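# Inside the fold
Read off the chains here:
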Amino acid sequence: MTALIPDESALTAGTTVRPGRRYGFFTDTTLCIGCKACEVACKEWNALPADIPGLTGMSYDNTVDLSADTWRHVLFVEKIAPQAGGERVTTMPPFQSNWLMMSDVCKHCSPAPCLEACPTGSLFRTEFDTVVVQQDICNGCGYCVPACPFGVVDLNLSDGKAHKCTLCYDRLKGGLEPACAKSCPTDSIQFGEIDDLTERARGRVEELRGLGRDDAYLYGAPGTPGATGGIERLNAFFLLTDRPEVYNLPEHPTRPAERFAPGMAAGLAAVAGLTLAAALLFGRNGGGDGGRP
Amino acid sequence: MRGPTVTDDAAIGYYGVPPVKASPFDWKIAAYVQIGGVAGAAQVLSAVAAAAGGRRARGVVRHGRWMALAGAVLGPPFLIADLKTPTRWYNMLRIARPTSPMSVGSYILTGFGAFSALAALPAGRLSDAAQVPAALLGAGMATYTASLLSATSSPFWAEAPRSLAVQFACSSVAGAAAALSLAEQAAGRPGTAATLDAITAAAAAGELAASIASGHDHKEPAVAGALALGVAVPLACHAANRLSRRPSRTLSVIGALAALAGGALLRHAVIQAGNRSTERPRDTFRLTRPPEPARLPPRR
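As the structure is a prediction and not an experimental result, all values here were calculated from the model. (Residues numbered from 1 in each chain as written. Chains lettered and ligands numbered in written order. Predicted model: local features only at pLDDT ≥ 70, side-chain atom pairs only at ≥ 80, totals over all residues. Heavy atoms only, no water.)

Once that is clear, we can look at the confidence of the model for chain B. When pLDDT is averaged across chain B, the result is 93; 93% of the residues are at 70 or more. Counted against residues more than four places away or in other chains, residues 1-10 of chain B, with its pLDDT under 50, gives 21 contacts. (pLDDT = per-residue confidence, 0-100. Contact = heavy atoms within 4.5 Å.)

On to the packing of aromatic side chains. All names here are of chain A. A complete count under the given rule lists 13 aromatic pairs over all chains for this structure. Pairing Tyr 60 with Phe 76 gives two aromatic rings, centres 6.1 Å apart and planes at 45°, and the pair type is tilted. Of this pair, Tyr 60 sits in the loop between α2 (37-46) and β2 (72-78) while Phe 76 is found in strand β2, placing the two residues 16 residues apart along the sequence. Tyr 60 gets classed as exposed once you look at its relative accessible area, which sits at 55%. (Phe/Tyr/Trp six-rings, centres within 6.5 Å; stacked < 30°, edge-to-face > 60°. Helix = DSSP H or I, 4+ residues; strand = E, 2+ residues; numbered from the N terminus. Buried < 20%, exposed > 50% of the residue type's maximum accessible area, 1.4 Å probe, protein only.)

Let us look at the pattern of salt bridges. A pair can form between side chains of opposite charge whenever their charged atoms are brought close. Under the criterion given, the structure shown has 26 salt bridges over all chains. We note a salt bridge from A:Arg125 to A:Asp129, for which the minimum N-O separation is 3.2 Å. When the shortest N-O distance is used, the salt bridge between B:Glu159 and B:Arg286 registers 3.3 Å. Taken together, the residues span a long stretch of sequence, with B:Glu159 in the loop between α5 (155-158) and α6 (161-186) and B:Arg286 in helix α10 (residues 281-287) at a distance of 127 residues. Taking the relative accessible area as the measure of exposure, B:Arg286 reaches 36% and is therefore partly exposed. Beyond isolated ion pairs, a larger network of salt bridges with shared partners links B:Glu159, B:Glu220, B:Arg276, B:Arg280, B:Asp283 and B:Arg286. (Salt bridge = Lys/Arg side-chain N within 4 Å of Asp/Glu carboxyl O.)

All names here are of chain A. Looking at the secondary structure, you find Thr 70 in the loop between α2 and β2. Of the polar contacts made by the side chain of Thr 70, one reaches the side chain of Lys 43; its length is 3.2 Å. Each residue touching Thr 70, except ones within four places of it in the same chain, is listed here: Lys 43, Asp 51, Thr 63 and Asp 65. (Polar contact = N/O pair within 3.5 Å; in protein donor to acceptor, adjacent residues only side chain to side chain.)

A few words now on the domain arrangement of chain A. Interfaces are often described in size by the accessible area the parts lose on coming together. Structurally, chain A comprises domain 1 (8-254) and domain 2 (261-293). Relative to domain 2 of chain A, the C-alpha centre of domain 1 of chain A lies at a distance of 51 Å. (Domains from an automatic or database assignment.)

Residue and element names in this part refer to chain A. Looking along the chain, the bond that leaves Ser 110 and enters Pro 111 is cis, with omega of -10°. Along the chain, Pro 111 turns up in the loop between β4 (109-110) and α3 (113-117). A positive phi angle is found at Lys 36, which is not glycine, with a value near 65°. Along the chain, Lys 36 falls in the loop between β1 (23-28) and α2. Its relative accessible area of 18% is what places Lys 36 among the buried residues. Even without being glycine, Ala 47 reaches a positive phi, approximately 55°. Within the fold, Ala 47 resides in the loop between α2 and β2.

Chain B puts 88 residues into the contact, and the matching count from chain A is 105 residues. Both sides together, the interface formed by chain B and chain A hides about 7,600 Å², and carbon and sulfur atoms give 63% of it. Across the contact surface, chain B and chain A share one salt bridge. The closest approach of N and O atoms between B:Lys21 and A:Asp65, which form a salt bridge, is 3.5 Å. Elements with a contribution of two residues or more to the side of chain B that touches chain A: α1 (27-52), α2 (58-82), α3 (101-119), α4 (125-150), α6 and α7 (190-214) of chain B. Grouping the constituent residues of the side of chain B that touches chain A by class yields 52 nonpolar, 21 polar and 15 charged. (Buried area = accessible area lost by both parts, 1.4 Å probe. Nonpolar A, V, L, I, M, F, W, Y, C, P; charged D, E, K, R; others polar.)

This part is about the packing of α1(B) against α4(B). All names here are of chain B. The N-to-C vectors of α1 and α4 enclose an angle of 145°; their axes lie 7 Å apart at closest approach. The two elements α1 and α4 cross, and the hand of that crossing is left-handed. Packed against α1, whose contacting residues are Tyr 32, Val 33, Gly 36, Gly 37, Gly 40, Ala 41, Gln 43, Val 44, Ser 46, Ala 47 and Ala 50, the element α4 presents Gln 131, Ala 134, Ala 135, Gly 138, Ala 139, Met 141, Ala 142, Tyr 144 and Thr 145 at the interface. Tallied by class, residues from the contact of α1 with α4 come to twelve nonpolar, eight polar and no charged. (Axes fitted to C-alpha atoms, helices over the stretch in contact; angles between N-to-C directions. Left-handed = near helix turned anticlockwise from the far one by under 90°.)

Let us look at helix α7 (residues 194-210) of chain A. All names here are of chain A. The end-to-end C-alpha distance of α7, which contains 17 residues, comes to 24 Å, matching closely the 24 Å that a straight helix rising 1.5 Å per residue would cover. Residues of α7 that are buried: Ile 194, Leu 197, Thr 198, Ala 201, Arg 204, Val 205 and Leu 208. Down the axis of α7, the sector holding all buried residues measures 120°, keeping them to one side. Exposed residues lying more than 90 degrees from the buried face of α7 are Asp 195, Glu 199, Glu 206 and Gly 210. The elements touched by buried residues of α7 are β1, β9 (189-193), β10 (217-219), β11 (233-234) and β12 (236-240). Where α7 terminates, the next one or two residues include Gly 212, which has phi positive at roughly 100°. (Expected span 1.5 Å × (residues − 1). Arc of directions from axis to C-beta.)

This next bit is on the sheet that holds β10(A). Residue and element names in this part refer to chain A. Taken in spatial order, the four strands make up an open sheet running β9-β1-β12-β10, and their pairing is mixed. A strand with exactly one partner marks an edge of an open sheet, and here the two such strands are β9 and β10. The mean inter-strand angle of the sheet, taken between neighbouring strand axes irrespective of direction, is 25°. Sheet topology note: the β1/β9 ladder contains five bridges and is antiparallel. Residue pairing across strands places Thr 27 opposite Ile 189, the latter belonging to β9. (Pairing = 2+ DSSP bridges.)

This part covers the state of the cysteines. Residues and elements named next belong to chain A. Enumeration over the complete set of coordinates arrives at zero disulfides over all chains. Cysteine Cys 106 shares no disulfide, and the gap to the nearest cysteine sulfur, in Cys 165, comes to 5.4 Å. Cys 109 provides the cysteine sulfur closest to Cys 148, a residue in no disulfide bond, and the two sulfurs are 6.3 Å apart. (Disulfide = S-S within 2.5 Å.)

Right under this line is the structure:
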């Protein structure tokens with residue numbers, strides 16, 4: 001199918017989408033204003049149902065978490081309430097008013113723990129280096145759900161399949177920028193080629209540090225927190241200004257598949273040891289000839 | 001209502017929202033893990049009895065082969081029932097993915113079932129030859145389920161991969177020896193039953209050592225209870241029988257039943273403990289603490 005405007009992403013994101021190149025998101029949390037346009041755009045484009053309406057009391061966050069039906073989630077961290085063991089904050093620096101906002105999303109890790117766990121090949125790496133669940137193959141085993149170090153993948157029990165952000169695979173194929181990035185009014189969510197984004201993000205950290213924000217750092221770019229423990233990089237990476245845990249992100253996630261071999265080796269060694277013991281017992285007792293008196 | 005309950009964990013992380021998600025595994029997976037593990041270990045013990053047990057262990061060889069086949073037939077329905085789209089169960093064999101314990105396990109189970117079916121044929125050269133690969137895959141059946149749980153981001157499973165694997169392996173061997181011992185008692189052969197009880201005791205001791213090494217089992221009451229039943233009771237019964245001049249059949253049977261029930265409970269308790277551990281942000285952030293001093297810029 002030909003797109004309505006060929007290479008529309010060149011107009012909206014300044015990048016053309018071509019198979020074989022690596023694409024992702026750079027989410028700059030210092031630019032997020034918490035408007036949730038990304039959440040809405042994602043739901044609309046991907047035809048995802050609404051969450052249960054209700055107020056959570058978690059600041060302006062009534063979305064709570066990424067789920068099978070929610071692929072963008074804006075966090076609101078109020079740092080005004082008394083911190084653990086500390087005083088209530090009474091002064092505010094002229095910067096985000098001690099209110100951190102961040103649009104969370106699937107990280108499209110490389111290597112991706114969900115993909116490495118998937119036994120059916122339903123989860124696969126696309127020609128854009130993103131990670132997508134093929135709905136016509138997934139059998140709902142659910143193993144990708146605990147495998148994900150970021151709690152992103154989720155099962156939808158009404159259709160029995162795993163779901164998560166596709167980085168708008170269908171839009172990329174049509175030369176369109178992903179819906180969330182296109183809708184972001186402050187360019188907190190930036191879409192592009194990974195190398196371009198990384199360069200831009202490093203520049204942004206320098207710029208912020210020049211402005212006195214010494215706490216700005218990248219999460220998920222190669223060699224930074226988040227890209228750890230066998231996970232080389234997150235194709236959707238972030239600029240943060242507080243510890244990762246504040247954004248509910250692990251500081252040092254690890255690749256779960258690396259725990260497979262050590263466990264197998266230890267377990268098989270135990271079986272081997274018990275096999276030897278059993279052979280000795282059978283041999284000595286001759287399978288119990290006479291056995292005990 | 002999806003809103004989280006505010007707990008002490010609200011002080012760490014984000015309003016106490018779990019940073020990782022729990023697996024959808026429930027009692028059906030636990031049942032498979034127990035059935036598959038005992039079946040795999042039964043094939044291993046049957047092969048050992050065939051090689052080292054001589055003529056008098058022929059009952060063990062035969063029963064072990066049947067138990068292995070029975071487990072390979074009874075186990076998979078539980079796995080398929082746990083799928084959220086069970087009609088696509090065959091996609092489990094669509095690809096082979098060495099990084100996925102579930103993919104590797106699917107092939108271990110398939111191979112184990114096929115060779116166990118051949119090994120259960122009437123005694124002959126074919127069944128003897130098939131038992132060797134069946135027993136090797138049986139060792140995998142006893143172990144891989146633990147590694148499958150550890151290769152996740154659920155803190156309780158992920159923080160102790162080795163001890164969990166040794167625990168499941170030992171528990172499988174203990175359960176298989178217990179089941180075979182029951183069969184021997186039923187057939188009126190207390191001598192071979194005593195040998196099998198000794199194997200149960202050895203495996204239970206290994207399970208206990210692995211549990212202590214894990215460093216967290218005592219914090220989970222259900223896991224500790226399963227260990228008391230599946231380890232302490234068989235050890236006490238079989239030790240009493242060893243020491244007494246007149247071994248009691250009742251004690252042997254109680255020890256064997258306790259090992260089997262304890263093994264089943266252990267699987268269920270471990271799976272539940274792993275799922276629950278994802279709800280504690282503190283545990284996830286402890287698991288994901290960087291090994292070297294933090295590289296992050298200091299807090300303002």
